[in-house]
Amino acid sequence: MSNPSLEPEHIAISKSKGIKIDWKDSHHSEYPLTYLRDECPCATCTGAHGTAPEKSNYAGKELFPMYKPKLKMLEAEAVGSYAIRISWSDGHNTGIYSFDHFRRICPCDACRVVRQ
(Lines give C-alpha, C1' and ligand atoms only; values in the text may rest on other atoms or scores of the structure.)
Protein backbone atom coordinates (compact mmCIF):
# COMPACT_ATOMS: atom_id res chain seq x y z
CA MET A 1 0.00 0.00 0.00
CA SER A 2 1.35 3.45 -0.89
CA ASN A 3 1.81 6.35 1.51
CA PRO A 4 0.19 9.58 0.15
CA SER A 5 2.54 11.74 2.23
CA LEU A 6 5.45 10.39 0.15
CA GLU A 7 3.77 10.65 -3.25
CA PRO A 8 4.01 13.91 -5.17
CA GLU A 9 0.94 15.01 -7.08
CA HIS A 10 2.65 17.89 -8.87
CA ILE A 11 6.31 18.96 -9.09
CA ALA A 12 7.40 22.39 -10.36
CA ILE A 13 11.11 22.83 -11.04
CA SER A 14 12.65 26.25 -11.51
CA LYS A 15 16.37 26.21 -12.21
CA SER A 16 16.65 29.74 -10.82
CA LYS A 17 14.43 29.38 -7.72
CA GLY A 18 14.14 25.74 -6.62
CA ILE A 19 11.53 23.01 -6.45
CA LYS A 20 7.90 23.09 -5.31
CA ILE A 21 6.01 19.88 -4.58
CA ASP A 22 2.30 19.41 -3.99
CA TRP A 23 1.88 16.09 -2.21
CA LYS A 24 -1.08 13.72 -2.54
CA ASP A 25 -1.93 14.28 1.14
CA SER A 26 -2.50 18.01 0.32
CA HIS A 27 0.78 19.15 1.88
CA HIS A 28 2.80 21.77 -0.05
CA SER A 29 6.62 22.05 0.10
CA GLU A 30 8.93 24.72 -1.33
CA TYR A 31 12.67 24.06 -1.51
CA PRO A 32 14.93 27.05 -2.37
CA LEU A 33 18.10 26.28 -4.35
CA THR A 34 20.51 26.92 -1.49
CA TYR A 35 18.47 24.77 0.90
CA LEU A 36 18.41 21.88 -1.59
CA ARG A 37 22.17 22.05 -2.14
CA ASP A 38 22.81 22.14 1.62
CA GLU A 39 20.54 19.11 2.10
CA CYS A 40 22.20 16.96 -0.57
CA PRO A 41 21.72 13.28 0.36
CA CYS A 42 24.81 11.90 -1.42
CA ALA A 43 27.45 9.86 0.40
CA THR A 44 30.07 12.63 0.19
CA CYS A 45 27.80 15.30 1.67
CA THR A 46 26.43 13.04 4.42
CA GLY A 47 29.61 11.11 5.21
CA ALA A 48 27.81 7.85 4.52
CA HIS A 49 30.95 6.08 3.31
CA GLY A 50 32.80 6.55 6.59
CA THR A 51 34.48 9.92 6.00
CA ALA A 52 33.59 13.28 7.48
CA PRO A 53 30.52 14.87 5.89
CA GLU A 54 31.34 17.57 3.35
CA LYS A 55 28.17 19.63 3.79
CA SER A 56 27.81 22.78 1.74
CA ASN A 57 26.75 26.03 3.37
CA TYR A 58 25.10 28.02 0.61
CA ALA A 59 22.16 29.10 2.79
CA GLY A 60 24.44 30.27 5.62
CA LYS A 61 25.79 33.75 6.12
CA GLU A 62 29.10 34.40 4.43
CA LEU A 63 31.63 36.95 5.63
CA PHE A 64 32.39 37.96 2.02
CA PRO A 65 29.32 36.88 0.01
CA MET A 66 30.29 38.86 -3.10
CA TYR A 67 33.22 36.49 -3.71
CA LYS A 68 31.12 33.33 -3.71
CA PRO A 69 29.67 32.41 -7.12
CA LYS A 70 25.88 32.30 -7.23
CA LEU A 71 24.53 28.76 -7.03
CA LYS A 72 22.57 27.55 -10.05
CA MET A 73 20.68 24.39 -10.87
CA LEU A 74 22.00 23.26 -14.23
CA GLU A 75 19.79 20.21 -14.68
CA ALA A 76 17.13 18.21 -12.87
CA GLU A 77 16.22 14.76 -14.13
CA ALA A 78 13.82 12.09 -12.98
CA VAL A 79 15.33 8.93 -11.52
CA GLY A 80 12.74 6.26 -12.05
CA SER A 81 9.50 7.22 -10.37
CA TYR A 82 11.03 7.81 -6.94
CA ALA A 83 13.60 10.62 -7.12
CA ILE A 84 15.21 13.61 -8.83
CA ARG A 85 18.93 13.99 -9.59
CA ILE A 86 20.18 17.58 -9.57
CA SER A 87 23.33 18.89 -11.28
CA TRP A 88 24.70 22.06 -9.65
CA SER A 89 26.86 24.90 -10.94
CA ASP A 90 29.50 24.05 -8.29
CA GLY A 91 30.21 20.79 -10.16
CA HIS A 92 28.23 18.58 -7.78
CA ASN A 93 25.82 16.09 -9.37
CA THR A 94 25.80 12.91 -7.29
CA GLY A 95 22.81 13.69 -5.08
CA ILE A 96 19.68 11.67 -5.79
CA TYR A 97 16.83 13.33 -3.93
CA SER A 98 14.22 10.64 -3.28
CA PHE A 99 10.67 11.77 -2.61
CA ASP A 100 11.08 10.33 0.89
CA HIS A 101 14.11 12.61 1.37
CA PHE A 102 12.22 15.63 0.01
CA ARG A 103 9.40 15.02 2.49
CA ARG A 104 11.83 14.44 5.37
CA ILE A 105 13.59 17.77 4.75
CA CYS A 106 10.47 19.86 4.04
CA PRO A 107 11.37 23.36 5.26
CA CYS A 108 7.84 24.49 6.14
CA ASP A 109 7.16 25.56 9.72
CA ALA A 110 4.87 22.61 10.48
CA CYS A 111 7.43 20.02 9.34
CA ARG A 112 10.27 21.83 11.10
CA VAL A 113 8.33 21.65 14.39
CA VAL A 114 7.72 17.88 13.95
CA ARG A 115 11.48 17.30 13.33
CA GLN A 116 12.45 19.11 16.55
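Everything quoted here is computed from the prediction, not taken from an experiment.

Novice: Got a sec to walk through the pairing of strand β4 (residues 73-79)? Specific residues and values, please.
Specialist: Pairing between β4 and strand β5 (residues 83-88): six bridges, direction antiparallel. Looking at the pairing, Glu77 lines up with Arg85 of β5.

Novice: Account for the nonpolar core, naming residues and giving values.
Specialist: Counting residues in each nonpolar core, the largest one holds 20 residues, and the members touching the most others are Tyr31, Leu36, Ile86, Trp88 and Phe102. Sorting the residues of this core by element identifies β2 (18-23), α1 (33-38), β5 and α3 (99-104) as the ones contributing at least two each.

Novice: Before we move on, can you summarise the sheet that holds β2 with the specific residues and values?
Specialist: With antiparallel pairing, the three strands of this open sheet are ordered in space as β1-β2-β3. Looking at strand neighbours, the two that pair on one side only are β1 (8-14) and β3 (28-32), the edges of this open sheet. Averaged over all pairs of adjacent strands, the angle between strand axes in this sheet comes to 10°, irrespective of strand direction. As judged from the five bridges shared by β2 and β3, these two strands associate in the antiparallel manner. Bridging from a neighbouring strand, Ile21 pairs with Ser29 of β3.

Novice: Hey, could you go over the environment of Arg112 for me, with residue numbers and the actual values?
Specialist: Mapped onto the secondary structure, Arg112 falls in helix α4 (residues 109-115). On a C-alpha basis, the gap between Arg112 and His92 in space is 26 Å, while along the polypeptide they are 20 residues apart. A distance of 2.5 Å separates a polar side-chain atom of Arg112 from the backbone oxygen of Pro107.

Novice: How would you summarise the pattern of salt bridges if you had to cite specific residues and measurements?
Specialist: Counted according to the given criterion, the structure contains six salt bridges. In this structure, the salt-bridge partner of Glu7 is Lys24, at a minimum N-O distance of 3.3 Å. On the criterion of sequence distance, the pair formed by Glu7 in the segment before β1 and Lys24 in the loop between β2 and β3 is long-range, its members being 17 residues apart. Across the pair Arg103 and Asp25 runs a salt bridge whose closest N-O atoms are separated by 2.9 Å. With Arg103 in helix α3 and Asp25 in the loop between β2 and β3, this residue pair connects regions lying 78 residues apart in the sequence.

Novice: Quick rundown of the sheet that holds β5? Include the residues and the values.
Specialist: The strand order across the open sheet formed by three strands is β4-β5-β6, and the pairing between neighbours is antiparallel. Single-partner strands in this sheet number two, and they are β4 and β6 (96-98). Averaged over all adjacent pairs, the angle separating strand axes in this sheet is 25°, with direction ignored. With three bridges connecting them, β5 and β6 associate as antiparallel partners. Across the sheet, the residue bridging to Ala83 is Ser98, located in β6.

Cut-off values and rules
- Residues numbered from 1 in each chain as written.
- Predicted model: local features only at pLDDT ≥ 70, side-chain atom pairs only at ≥ 80, totals over all residues.
- Heavy atoms only, no water.
- Pairing = 2+ DSSP bridges.
- Helix = DSSP H or I, 4+ residues; strand = E, 2+ residues; numbered from the N terminus.
- Core = buried A, V, L, I, M, F, W, Y, C linked by side-chain atoms within 4.5 Å.
- Buried < 20%, exposed > 50% of the residue type's maximum accessible area, 1.4 Å probe, protein only.
- Axes fitted to C-alpha atoms, helices over the stretch in contact; angles between N-to-C directions.
- Polar contact = N/O pair within 3.5 Å; in protein donor to acceptor, adjacent residues only side chain to side chain.
- Salt bridge = Lys/Arg side-chain N within 4 Å of Asp/Glu carboxyl O.

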